[in-house]
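Here is what each chain is made of, one letter per residue.
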Amino acid sequence: MAVKIDKKIKGYSVVTPEDKAKQAEAAKAEAVRREAAEAAEAQASNVIQMHERIERPETLIGSTYKLKTPLFEHALYVTINDIVLNAGSEHEQRRPFEIFINSKNMDHFQWIVALTRIMSAVFRKGGDVTFLVEEMKAVFDPRGGYFKAGGVYMPSLVAELGSIVEDHLKAIGMIKDPELSDAQRALIAEKRAAYAALDSKKNSEISLAGATPAAVATTSEAPVVTDDRSGELFPEPKVRPDRREEDVEVTGDGGVSFPPSATMCHKCNTKALVIMDGCATCLNCGYSKCG
Ligand SMILES: [Zn+2]
């Protein structure tokens, strides 16, 4: 190709085959570098973007959660449906796709419909939707919250909906529970056992005080109070063993219930704080006021 040069030529060099090879090499290196950077970026974000290309399948799998609050006469039923991505492959993943709330109670339907539509839209956008849980759980009802079964404090209905979404995301593996260390587990188990022992001791002392001398002799042989209601050990057998059952149900990791006298633990928002050795101790998370 002929090029007309208008300016003064100040210097020149001839492009040799070696120069061409060098240039090609540099271009290749640049391409490799760019590719690596792109791969690293893709890995770092690791976001699953769902977009318009994902059409709603005819059938979705999901779960329905019953929500009974003291705020409403009727229960709410929360349904979260999931889409299964890459089904059958090793990258199979369940992601929430839509949420519905049903109830006989229509008073709050306006905002419930709005909330669920917006949540479904967020689910469908994909990516990290776990922020919804944090946002919802941080909503406080200015009229005050309530305790749900198990003694967990819910600051509002929206917060309880958030905790249902959290449970669901945990069930499908999107949120990982922060693992308690073995040491923490052991500590909590130890405190629960200590409290149970303390409580049964207290109960046996009470029953000893009300027992006849003959019965005292029997109990000194077997100091552990059993649920055996025969004999003169329990003058009012129906009262004492029943109360005990209600008082100490502190075993089992899931669905643990705590003594009715327990107060609110501010670390885990659960009514599981008892006084042990003059020190407030949480039977749920192991928190202790005395360290
Ligand atoms: Zn606690």
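Everything quoted here is computed from the prediction, not taken from an experiment.

## A word on the sheet that holds strand E1 (residues 61–67)
Point 1. What the 3 strands build is an open sheet, ordered E1-E2-E3; its pairing is antiparallel. Every interior strand has two partners, whereas the edge strands, E1 and strand E3 (93–103), have only one. Direction aside, the axes of adjacent strands within the sheet are offset by 20° on average.
Point 2. Strand direction decides the pairing type here: E1 and strand E2 (residues 76–85), joined by 7 bridges, are antiparallel. Of the residues in E2, the one forming a bridge with Leu 67 is Leu 76.

## As for the environment of Ile 99
Point 1. The residue Ile 99 is located in strand E3 in this model.
Point 2. Residues Ile 99 and Thr 64 lie 35 residues apart in sequence; the distance between their C-alpha atoms is 9.5 Å.
Point 3. Once residues lying within four places of it in the same chain are set aside, the contact partners of Ile 99 are Val 78, Thr 79, Ile 80, Thr 116, Met 119 and Ser 120.

## Topic: the environment of Ala 138
Point 1. With respect to the secondary-structure elements, Ala 138 resides in the loop between helix H3 (131–137) and strand E4 (146–148).
Point 2. Using a count of 12 C-beta atoms within 10 Å as the deciding quantity, one classes Ala 138 as exposed.
Point 3. Along the primary structure Ala 138 and Ala 159 are separated by 21 residues, whereas in three dimensions their C-alpha atoms are 6.4 Å apart.

## Side note on the confidence of the model for the chain
Point 1. Predicted confidence across the chain gives a mean pLDDT of 78, with 77% of residues reaching 70 or more.
Point 2. Below a pLDDT of 50 lies the segment residues 212–253, which in the model reaches 42 contacts outside its immediate sequence neighbourhood of four places, other chains included.

## Points about helix H4 (residues 157–171)
Point 1. The end-to-end C-alpha distance of H4, which contains 15 residues, comes to 21 Å, matching closely the 21 Å that a straight helix rising 1.5 Å per residue would cover.
Point 2. For H4, every residue scored as buried is listed here: Leu 157, Ala 159, Glu 160, Leu 161, Gly 162, Ile 164, Val 165, His 168 and Leu 169.
Point 3. Each element contacted by the buried residues of H4 is listed here: E1, E2, E3, H3, E4 and strand E5 (152–154).
Point 4. Gly 173, located one to two residues past H4, shows a positive phi value of around 85°.

## As for unusual backbone geometry
Point 1. The phi angle at Asn 86 is positive, at roughly 50°, despite the residue not being glycine.
Point 2. The residue Asn 86 is located in the loop between E2 and E3 in this model.
Point 3. Taking the number of C-beta atoms within 10 Å as the measure of exposure, Asn 86 has 10 and is therefore exposed.
Point 4. One non-glycine residue, Asp 277, lies in the positive phi region at around 50°.
Point 5. Here Asp 277 lies in the loop between strand E7 (270–276) and strand E8 (279–282).
Point 6. You can call Asp 277 exposed: it has 9 C-beta atoms within 10 Å.

Cut-offs applied
Residues numbered from 1 in each chain as written. Predicted model: local features only at pLDDT ≥ 70, side-chain atom pairs only at ≥ 80, totals over all residues. Pairing = 2+ DSSP bridges. Helix = DSSP H or I, 4+ residues; strand = E, 2+ residues; numbered from the N terminus. Axes fitted to C-alpha atoms, helices over the stretch in contact; angles between N-to-C directions. Contact = placed C-beta atoms within 7 Å. Buried ≥ 20, exposed ≤ 12 C-beta atoms within 10 Å, placed from the backbone. pLDDT = per-residue confidence, 0-100. Expected span 1.5 Å × (residues − 1).

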